[in-house]
Amino acid sequence: QKEVEQNSGPLSVPEGAIASLNCTYSDRGSQSFFWYRQYSGKSPELIMSIYSNGDKEDGRFTAQLNKASQYVSLLIRDSQPSDSATYLCAVMKGNAGNMLTFGGGTRLMVKP
Amino acid sequence: SQTIHQWPATLVQPVGSPLSLECTVEGTSNPNLYWYRQAAGRGLQLLFYSVGIGQISSEVPQNLSASRPQDRQFILSSKKLLLSDSGFYLCAWNQGTGIEKLFFGSGTQLSVL
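Because the structure is predicted, anything quoted here is derived from the model rather than measured.

Asks: Even after reading the chapter, I still don't get the overall build of chain B, so can you show me in this structure?
Replies: Scanning chain B from N- to C-terminus turns up 0 helices and 11 strands. Order of helices (α) and strands (β) in chain B, N terminus to C terminus: β-β-β-β-β-β-β-β-β-β-β. Radius of gyration (C-alpha) of chain B: 13 Å, near the 13 Å computed for a compact globule of 113 residues. A total of 113 residues make up chain B; the buried ones form 46% of that total. Seen as two clouds, the 7 positive and the 6 negative side-chain charges of chain B have centres 6 Å apart.

Here it is, written out as structure tokens:
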């Protein structure tokens, strides 16, 4: 079992729809969770962080965390073609210092 | 504000040649520094991390090495590149104070031919 798992996609949604990206993790002691956006050929860019159960909203983005189910998700409302990218889920394990473990990423395609 | 610089942006090297990639961070002191590699269409693989000058931890044994000669400088090296060393190399930093947000440099696309 991979430590952080994501569906590789591609996830295709029409412009204006809600894109839902999911991530599961194996270490119950994980403390911090992050979503990064990576455009092709570019470096990852941090877009959301979440540390406690529930929802966290920032503009069109909502991160959701459920530690009991070891599940974290990212919702993108009113999806735009410019949101087309690979979204990486990253998890800091409880005993890993300050190091993050990344999932393989989900490729999102928003079609006009 | 803090910035991270990484160079070169692209590099084409023959098999067996040496490698040196450099990364510097500005606007902070004593950062944690990291080297990641991303193969085409794959996730990020942590190669090395450093919590201070001269302190290097390796996550994946291979023909690469890292050094931290100064507080905000991190260097990735190889004496002889392999075809399998091709990939997108990313330097990253965080402050290591309990807030683990990781910030990446612009990356180096390395092609070994």
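The structure having been displayed, the exposition proceeds.
Asks: Help me understand the sheet that holds strand β3 (residues 19-25) of chain A in this model?
Replies: Spatial strand order, β1-β3-β8-β7-β6 (chain A): 5 strands in an open sheet with antiparallel pairing. On the outer flanks of this sheet lie β1 (4-5) and β6 (54-58) of chain A, each paired with one strand and no other.

Asks: Which parts of the structure should I look at to understand the sheet that holds strand β8 (residues 73-78) of chain B?
Replies: Within a sheet, neighbouring strands are paired by backbone hydrogen bonds and run either parallel or antiparallel to one another. Residues and elements named next belong to chain B. A sheet is described by the order of its strands in space; here 4 strands give the open sequence β1-β3-β8-β7, paired in antiparallel fashion. The outermost strands of the open sheet, each flanked by one partner alone, are β1 (3-7) and β7 (64-70). The sheet shows a mean angle of 15° between the axes of neighbouring strands, direction not considered.

Asks: When you look at the interface of chain A and chain B in this model, what are you seeing that I'm missing?
Replies: How big an interface is tends to be reported as the loss of accessible area on association of its parts. In this assembly, 19 residues from chain A lie in contact with 22 residues from chain B. Carbon and sulfur atoms supply 60% of the area that chain A and chain B bury against each other, a total of about 1500 Å² over both sides. At the boundary of chain A with chain B, the tally comes to 0 salt bridges. Mapped by element, the contributors of at least two residues to the side of chain A that touches chain B are β4 (32-38), β5 (45-50), β9 (85-92) and β10 (100-102) of chain A.

Asks: Before we go on, may I ask you to explain the packing of aromatic side chains in this structure?
Replies: Two numbers describe a pair of aromatic rings. These are the distance of the centres and the angle of the planes. Residue and element names in this part refer to chain A. Following the criterion strictly, the structure yields 11 aromatic pairs over all chains and no others. Ring geometry for Tyr-25 against Phe-33: centres 4.8 Å apart, planes inclined by 45°, an arrangement best described as tilted. Phe-33 matches Tyr-25 in its accessibility class, with the two residues each being buried. The positively charged end of Arg-60 is found above the aromatic ring belonging to Phe-61, 5.6 Å away from the centroid.

Asks: Please clarify how the nonpolar core should be interpreted in this entry.
Replies: For soluble globular proteins, the rule of thumb is that nonpolar side chains tend to be buried together. Counting residues in each nonpolar core, the largest one holds 23 residues, and the members touching the most others are Trp35(A), Val72(A), Leu74(A), Ile76(A) and Tyr87(A). Elements supplying a minimum of two residues to this core: β3, β4, β5, β7 (61-66), β8 (71-76), β9 and β11 (106-111) of chain A. The residues touching Tyr87(A), leaving out its near neighbours within four places in the chain, are Gln6(A), Leu21(A), Trp35(A), Tyr36(A), Arg37(A), Ile47(A), Leu74(A), Ile76(A), Gly105(A), Thr106(A) and Leu108(A). Of all hydrophobic cores here, the second largest spans 19 residues; its members include Trp35(B), Phe74(B), Tyr89(B) and Cys91(B).

Asks: Just to check I follow, could you spell out the state of the cysteines for this structure?
Replies: A covalent bond between the sulfur atoms of two cysteines is what we call a disulfide. Within this structure, the stated rule accounts for 2 disulfides over all chains. The residue that forms a disulfide with Cys23(A) is Cys89(A), at a sulfur-sulfur distance of 2.1 Å. Between Cys23(A) and Cys89(A) the sulfur-sulfur dihedral comes to about -70°; the bridge is accordingly left-handed. In this pair, Cys23(A) sits in strand β3 while Cys89(A) sits in strand β9, placing the two residues 66 residues apart along the sequence. As far as burial versus exposure is concerned, Cys23(A) and Cys89(A) are alike and both buried. At a sulfur-sulfur separation of 2.0 Å, the disulfide partner of Cys23(B) is Cys91(B). On the sign convention where negative is left-handed, the bridge of Cys23(B) and Cys91(B), at about -75° about the S-S bond, is left-handed. Of this pair, Cys23(B) sits in strand β3 (residues 19-26) while Cys91(B) sits in strand β9 (residues 87-94), and the two are 68 residues apart along the sequence. Take Cys23(B) and Cys91(B): they sit in the same class, and that class is buried.

Procedures and definitions
- Residues numbered from 1 in each chain as written.
- Chains lettered and ligands numbered in written order.
- Predicted model: local features only at pLDDT ≥ 70, side-chain atom pairs only at ≥ 80, totals over all residues.
- Heavy atoms only, no water.
- Helix = DSSP H or I, 4+ residues; strand = E, 2+ residues; numbered from the N terminus.
- Rg over C-alpha atoms; globule rule 2.2 N^0.38 Å.
- Buried < 20%, exposed > 50% of the residue type's maximum accessible area, 1.4 Å probe, protein only.
- Lys, Arg positive; Asp, Glu negative; His and termini not counted.
- Charge placed at Lys NZ, Arg CZ, Asp CG, Glu CD.
- Pairing = 2+ DSSP bridges.
- Axes fitted to C-alpha atoms, helices over the stretch in contact; angles between N-to-C directions.
- Contact = heavy atoms within 4.5 Å.
- Buried area = accessible area lost by both parts, 1.4 Å probe.
- Salt bridge = Lys/Arg side-chain N within 4 Å of Asp/Glu carboxyl O.
- Phe/Tyr/Trp six-rings, centres within 6.5 Å; stacked < 30°, edge-to-face > 60°.
- Lys NZ or Arg CZ within 6 Å of the ring centre and 35° of its normal.
- Core = buried A, V, L, I, M, F, W, Y, C linked by side-chain atoms within 4.5 Å.
- Disulfide = S-S within 2.5 Å.

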